[in-house]
Every structure is written in structure tokens, then in C-alpha cells.
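Fold and geometry: a report
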Amino acid sequence: MRIARFSIDGNVAFGAVEGEGPAESAASGGLVLDIIKGIPYTGFELSGTKVPLSKVRLLPPVLPNKVVAIGRNYAEHAAELGHEVPDVPVAFFKPTTSVIGPGDAIEHPSFSDELHHEAELAVVIGRMCREVPRERVQDVIFGYTCANDVTARDVQRRENQWARAKGFDTSCPLGPWVETGLSLAQAGDLTVQATVNGEQRQLGRTSDMVRSIEDLVVHITEAMTLLPGDVILTGTPAGVGPLNVGDEVAVTIEGIGTLTNKVIKRG
């Protein structure tokens, strides 16, 4: 099931996406939303009230308490930046103020001259969890969505901490919805790609990750409690590159959908 979060007539709700096709086909009227009663992390009911996707504004599919991101989890990406694969996962945070949804603008920060896209599979947590054993990882996952870990690369090189380079406002596009029907095995072997103005930049598979989804959930929850709606970014394949004002960047993940955002000048 694909679960979207949306606004219509000033109200915000969750809905189950029905029909086939990417979010971009919404204008043709091919997709509809069956509004969910309440929030989707626990047992929920569909209301039977349906609205065309073309009539709503898609929002970030979740509002995470925290986004925990993993760096250098694809060997070829680490190599393209001149780094070795780390001995343990490199984790960092992106604040909630960095999160935007499909169609929202990425604001090019004034303090950077080198903005990069990073297409990633995002894991959405479905229940409060801590110290999750490997055999229980599937139980704590709500689903998966597309993410773009937008990075001020020059700032990342200058500063020992990545907080400003990866945590600035609008640096974490998520969407277009959460796909809840993927098993861990399926999520571990999906195509991940990024295009800029229609030109392919990144193309990889989640099977190329150095550490699996199970590894990451176990590692992160050794240290902290994850809450429903929290997001784990699993790393990016090789091919990261520049984003300039006016560019349109699209992240597509097999079996999930396409997340599209345009870059604008901040302010």
C-alpha cells in the first residue's frame, strides 16, 4: 500500500493511493486517495472518502522527530569523494526543518557554491523501538520512500561536522509517499537513480550498500530510541553532482515512485 500525506482545503490528512502510475500522472486523474481515519502507524481504517490526487497538495509523507542519515554506505560513492569505506557506519542527523515534500523547492543556501544531489532509499519507522535485534527489524519498519540528501559539498569539506552542510533548510526532500508493501529482501535490491533536468546522474542498487537495512537499524537503535515516523537515510550510490538554481532534480526508486524538486535561490 502507498500511504501519502496531503493537504486539501486547509486540512491535512493521510490517504491510501489507489491506481497505477507515478505522482506526475496525477494531473491526468489516474490516481486517487482514500482518506485514512487517524494516523497510519497503528491499525487504521480507510474512510471510503476518495479524492483525486490532482486535487490535493502532496506533503512530506511523514513528519519525523529525527532523520538519521548514513554516510559512505556505497563503496563507489566513497571512492568518488576520495574516501575509504569506514569501519563502522557514519551516522549524522538532518533536522526536521530540513524536510520538504514532493514539488517543494530546494533553496540553494547562500553560504555554499557547490550544492550536490544524493538519491537515497529512506526507511520509515512504524513503532517506538530501541535495541532492535536483527530478527525483529522487519517488525519496526512502516515502509520506504524516496529521499534526496542534498549536500553543500564545499561546506562539508571545510567543516569537521556536517550539520550545516547537510542540515540546512530544505535539504531533505522526502516522498512522494511511503510504500508499505516491500519486504526487507525486496527493499535490499532496488534500483536507485537521480536525474537532473532529465539527464541521468546516479544509477545504483540498494544491494550495493556496504551495510544492509538490518545492519543500520540494529546499529542506530543500539544508541537511541526511534519513534513512529522517524526516517533513516541509507546512503547514496555513485554519481553525485552539482545542482544549480533552476535545475529540476528527480529521485526514482524501483517499486516506490519518483520524488521531484526544483532548485531556487534562497530569499
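Preceding this section is the structure that the text describes.
Residues numbered from 1 in each chain as written. Predicted model: local features only at pLDDT ≥ 70, side-chain atom pairs only at ≥ 80, totals over all residues. Heavy atoms only, no water.

1. Brief notes about the sheet that holds strand E18 (residues 241-243)
The strands that make up a sheet pair up through hydrogen bonds in the backbone, lying either parallel or antiparallel. To keep it simple, the criterion reads: Two strands qualify as a pair provided that DSSP identifies no fewer than 2 bridges between them. In this description a helix means any DSSP run of H or I spanning at least four residues, a strand means any run of E spanning at least two, and both kinds are numbered starting from the N terminus.
The sheet built from 3 strands is open, its strands ordered E13-E10-E18 with antiparallel pairing. Two strands bound the open sheet, and with one partner strand each, they are strand E13 (151-152) and E18. Here strand E10 (residues 115-117) pairs with E13 via 2 bridges, running antiparallel. Following the sheet pairing, leucine 115 is matched in E13 by alanine 152.

2. A word on the nonpolar core
As a reminder, the rule being used: Working definition of a nonpolar core: buried Ala, Val, Leu, Ile, Met, Phe, Trp, Tyr and Cys residues. They are joined through side-chain atoms within 4.5 Å. Type-normalised accessible area, obtained with a 1.4 Å probe on protein chains alone, sets the label of each residue: buried when under 20%, exposed when over 50%, and partly exposed for intermediate values. Contacts are assigned to residue pairs with any non-hydrogen atoms lying within 4.5 Å of each other.
By size, the foremost hydrophobic cluster in this structure holds 32 residues, and its most contacted members are Ile141, Tyr144, Ile213, Ile253 and Ile256. Those elements that place two or more of their residues in this core are strand E6 (67-71), strand E11 (119-125), helix H2 (137-140), strand E12 (141-148), helix H5 (184-187), strand E15 (191-196), helix H6 (213-221) and strand E19 (248-253). Per element, the largest residue contribution to this core is 5 residues, and it comes from H6. With sequence-adjacent residues up to four places away left out, isoleucine 213 is seen in contact with Leu121, Val123, Ile141, Tyr144, Leu184, Ala187 and Gly188. Within the second largest apolar cluster, 20 residues are counted, among which are Val67, Ala69, Phe142 and Cys172.

3. Some remarks on the pattern of salt bridges
Formally: Criterion for a salt bridge: a side-chain nitrogen of Lys or Arg within 4 Å of a carboxyl oxygen of Asp or Glu.
This structure, assessed with the given rule, holds 16 salt bridges. We note a salt bridge from arginine 136 to aspartate 139, for which the minimum N-O separation is 2.5 Å. Residue classification places arginine 136 among the partly exposed positions, given a relative accessible area of 40%. Where glutamate 159 meets arginine 164, a salt bridge forms, and the shortest distance between an N and an O atom there is 2.9 Å. Given a relative accessible area of 41%, arginine 164 falls into the partly exposed group. In this structure, a network of salt bridges that share partners links the residues Lys94, Glu118, Asp149, Arg153 and Lys166.

4. Some details on the packing of aromatic side chains
This is how the line gets drawn: Between 30 and 60 degrees the pair is tilted, below 30 it is stacked and above 60 it is edge-to-face, where a pair is any two Phe, Tyr or Trp rings, Trp via its six-membered ring, whose centres lie within 6.5 Å. By definition, being over a ring means that NZ of Lys or CZ of Arg is both within 6 Å of the ring centre and within 35 degrees of the ring normal.
Throughout the structure, instances matching the rule amount to 3 aromatic pairs. Each ring, one from tyrosine 41 and one from phenylalanine 142, has its centre 5.3 Å from the other, and the planes form 70 degrees; the classification is edge-to-face. One end of the pair, tyrosine 41, is in the loop between strand E3 (32-37) and strand E4 (45-52); the other, phenylalanine 142, is in strand E12, with 101 residues separating them in the sequence. Of the two residues, tyrosine 41 and phenylalanine 142, neither departs from the other in class, the shared state being buried. On the basis of an interplanar angle of 70 degrees and a centroid distance of 5.2 Å, the ring pair of phenylalanine 92 and tryptophan 162 is categorised as edge-to-face. With a gap of 70 residues between them, phenylalanine 92 in strand E7 (residues 90-94) and tryptophan 162 in the loop between helix H3 (153-158) and helix H4 (163-167) connect regions that are remote in the sequence. Across the ring face of tryptophan 177, the terminal group of arginine 2 is positioned such that the distance to the ring centre comes to 5.0 Å. Stacked on the ring of phenylalanine 111, the Lys or Arg arginine 164 has its end atom at 4.7 Å from the ring centre.

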